[in-house]
Amino acid sequence: MTAKTPDNARTRATIGTERITRGTGGETHQGAGGDVPILTTQQGAPVADDQNSLKAGARGPVLLEDFHFREKIFHFDHERIPERVVHARGYGAHGFFELTDSLSDVTRADVLQRPGERVPAFVRFSTVAGSKGSFDLARDVRGFAVKLYTKEGNWDIVGNNIPVFFIQDAIKFPDVIHSVKPEPDRDFPQAQSAHDNFWDFISLSPESVNMALWVMSDRALPRSFRFMEGFGVHTFRLVNAAGRSTFVKFHWKPKMGLQSVVWNEAVKINGADPDFHRRDLWDAIGAGSFPEWELGVQLFDDDFADSFDFDVLDPTKLIPEELVPVRRVGRLVLDRVVDNFFAETEQVAFCTQNIVPGVDFTNDPLLQGRNFSYLDTQVKRLGGPNFTHIPINAPKCPFHHFQQDGHMAMHNPKGRANYEPNSWGGAQGGPREDAARGFTSFPAHEDGVKTRVRSELFADHYSQARQFYLSQTATEQVHIQQAFTFELSKVETLAIRQRMVGHLVHVDLELATAVAEGLGLDGLPEAPAPARPVLDGLPPSPALSILKNGPADFAGRKFGVLVTDGVDAALLDAVMKAADDEGANVELVAPQVGGVVTSAGVRIPAGQKIKGAPSVLYDAVILLPSAEGTAVLCEEATARDFVADAFAHAKFIGYAAAAQPLMKRAGIRTQDMDGGILPLAKAGDVAGFVTACRALRFWERESRVHAV
Ligand code: HDD
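Residues numbered from 1 in each chain as written. Predicted model: local features only at pLDDT ≥ 70, side-chain atom pairs only at ≥ 80, totals over all residues.

### Re helix α18 (residues 686-693)
Stated formally: Once C-beta atoms are placed from the backbone, each residue is buried if 20 or more other C-beta atoms lie within 10 Å of its own, exposed if 12 or fewer, and partly exposed for counts between those two. A run of H or I in DSSP counts as a helix once it spans at least four residues, and a run of E counts as a strand once it spans at least two, with each numbered from the N terminus. This arc is built from the directions going out from the helix axis to the C-beta atoms. A pair of residues counts as a contact when their C-beta atoms, built from backbone coordinates, are within 7 Å of each other.
Within α18 the residues assigned to the buried category are Val 686, Phe 689, Val 690 and Cys 693. Each buried residue of α18 lies within a common arc of 100° when the element is viewed along its axis, so the set occupies one face. In this structure, the buried residues of α18 make contact with α14 (569-582), β18 (620-623), β19 (653-655) and β20 (677-679).

The following block contains the structure:
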């Protein structure tokens, strides 16, 4: 079981129950937990009473002179900093990056030279549209921002879990973000793209159609940060010691395979556990099951770029892995949760401009714009230019420069020199440039007239959207149809719905027809004339499907086991053992969290109470109530929902014979019993059930549980 007691869950002293006294050493005192540091003001003055403000008499006015009170309240008043304008809700963890295959042939980047060498890393995952307090399972892109603390400076790969983007030029970023955020007059909907403004913008911006397909796919509903891919999105350059440039796309491939949830599940998870993703990451790292990704690179040269059907500078396009294979060159492991959320996760400042010698930008107009935005936004968010002095942002290699002063400067240049050139030799003169070791930009030849246009190839907006759709399994295609139908059903303006479906005609006629029918449109709307002919012969790319890239086993996934008093002890033992052998987690769900007494007379605690643990929180469920327990659960709505939802969400269900009446009450009829619902008559049946669960879902069922 993954339940663990957080460090900060110690019982706090309550007013009047503990008398604070100075310890003998003057710096500690005897509290409930033994020697603990004495409470002080921010200036270090010891505090005698933190329960009562200073007053003139027991019933008199509070005195302004109470510096401890004033400092405490003043500081509280200033606790908040502006949340990120996008990606406000996020969760981070520490770890390391280890190179497994040298890239010295294509880059001089120090971190990519020597296999086996590690550098520290910090990663922050996020949703884009919602505010800091929104829920984790919004239909949204996930940020996947990686900071590598290399020996030659911090290298930030500020990516997403989707390899393409909404827009091609950074000048459109405020527009796309304004459109998806709550509408400005009413300030809703929160963390939702299902509203008029968003689809108005998207339907007026054909360049967004490819990305729209991705966000309507299950990619936008990841089961866990641990089970999603990451992408650097843009084409970057790697530059080797000889100055040769190679184009590169960065990929993060999760070791545990891809997995998403279905929309109806997401909606319910958001209510049952708005912190679903952050809790999952915290629990996994706490349990020693460290999430891991491989770093993959797609490397290509000018000749490929010139022959490719699309412009490699266009961030709304990807390069299929089948065309340019992903070379795996390293691994990223997250093995430590933060000590303090604010200090690390909130204050971490990712900037696309943070690159290291051997890595360089391309002319992707989105990337070029980002290089301004990130630096600028950190100043606003973190209050000044010295955010690199905050430990999470400071390089872990030696650094020396002449930047000085400003708000909250922690370290200024020492000595007399704060400029160069200077005539103060040696150490006194401060740092000096190094033409050989220092960062040099790739000397790309640039020659053009000043103009506000895009490269012609940027205008093909539908071909890759079509390729993406055709690369999905039938199940995934249906999810995309349903997502478009749902989102556009929330759009109040008919013309916007029609306009959007018009674009889908170029993607796939069956998709457009399904959505049009789902919306009850009067026939198919007219498709806009494409700016370039749609390349409808692009081969499907299996790498783009989640279901074709699932895990090899059930490791890291979670069983929800419904138990009551009298649960068959041998069966339960077999479940625990089989799950353990698989590397999977088990959470017991019982009528009371205090637990149940097994058939062997042993009391075991439960992880959750049935009223607080719907089956959406689990990847598969096992029903082990005793006959008496089943009789009670049949009358409990949440227990019936537990089973009905697991069934509707195409989950694997293992059941003891005694649970059958509950399944019937939950609406599973004899004719509904399918290959995903497996009896656990004896302990020996459990291993087979766990093996079946490796498929994650019994998708054949899905079409049978939806009639509309
Ligand atoms: Fe961005 C945050 C990813 C386009 C402007 N972005 C931010 C974060 C991620 C991304 C993961 C959160 C970083 C963190 O965890 O702190 N953004 C992307 C990707 C993009 C992209 C993959 C397209 C390929 N972004 C983009 C554009 C602009 C921005 C075109 C502006 C021109 N993004 C920002 C920002 C944010 C940000 C306003 C908000 C908070 C922050 O930077 O630190 O500067």
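Past the structure itself, the notes keep going.
### A short note on α14
To keep things clear, this is the line we draw: Under the convention used throughout, the expected extent of a helix is 1.5 Å for every residue step, that is, one less than its residue count.
Compared with the 20 Å implied by 1.5 Å per residue over 14 residues, the 20 Å span of α14 between its first and last C-alpha is a close match. Within the sequence span of α14, burial applies to Leu 571, Leu 572, Ala 574, Val 575, Ala 578 and Ala 579. Down the axis of α14, the smallest arc covering the buried residues is 160°, so these residues share one side. Exposed residues on α14 whose side chains face more than 90 degrees from its buried face are Asp 580 and Asp 581. Buried-residue contacts for α14 involve β13 (558-562), β14 (585-590), β18 and α18.

### Some words on the site of the ligand
Our working definition: Near residues are defined by distance alone, with the backbone-placed C-beta atom required to lie within 6 Å of the molecule or strand. Note that Gly is not counted as nonpolar here; it falls among the polar residues with everything else outside the nonpolar set of Ala, Val, Leu, Ile, Met, Phe, Trp, Tyr, Cys and Pro and the charged set of Asp, Glu, Lys and Arg.
The environment of the ligand is formed by 25 residues, the closest being Arg 84, His 87, Arg 124, Gly 143 and Ser 373. When residues of the shell around the ligand are traced back to their parent elements, those giving at least two are β4 (118-127), β5 (142-150), β6 (153-160) and α9 (365-382). Looking at the shell around the ligand element by element, the count peaks at six residues for α9. Residue composition of the shell around the ligand, grouped by class: 13 nonpolar, nine polar and three charged.

### Focus on the domain arrangement of the chain
Let me state the cut-off plainly: For the purposes of this description, domain bounds are those given by an automatic or database domain assignment.
Along its sequence, the chain is carved into domain 1 (90-202 + 220-389), domain 2 (457-547) and domain 3 (557-704). Just the C-alpha atoms count here: the centres of domain 1 and domain 3 sit 37 Å apart. Across the contact, eight residues belong to domain 1 and six residues belong to domain 3. Among the residues forming the side of domain 1 that touches domain 3, the class breakdown is three nonpolar, two polar and three charged.

### Looking at the sheet that holds β13
Selection criterion: Pairing between strands is defined by DSSP: at least two bridges between them are needed.
The six strands are arranged β17-β14-β13-β18-β19-β20 in an open sheet whose pairing can be described as parallel. The open sheet terminates on both sides in strands that have one partner only, identified here as β17 (608-609) and β20. In the sheet, β14 pairs with β17 via two bridges, with the strands oriented parallel. If you follow Val 589 over to β17, its bridge partner there is Gln 608.

### Some details on the UniProt feature "domain: Catalase core" (unreviewed entry) in the chain
To keep it simple, the criterion reads: UniProt positions are given in the numbering used here, feature names are shortened, and annotations may be inferred rather than shown by experiment.
Here the UniProt-annotated "domain: Catalase core" (unreviewed entry) positions come out as residues 40-428. In this annotation, residues 40-428 is assigned 22% helix and 19% strand; the end-to-end C-alpha distance for the span is 39 Å.

### Some thoughts on the nonpolar core
What counts, and what does not: Defined on buried residues, the nonpolar core groups Ala, Val, Leu, Ile, Met, Phe, Trp, Tyr and Cys residues joined through C-beta atoms within 7 Å.
Leu 213, Leu 623 and Leu 624 are the most contacted members of the largest nonpolar core, which has 168 residues in total. Discounting residues that sit within four places of it in the chain, Leu 623 has contacts with Leu 562, Val 643, Ile 653, Tyr 655, Ala 656, Ala 659 and Leu 662.

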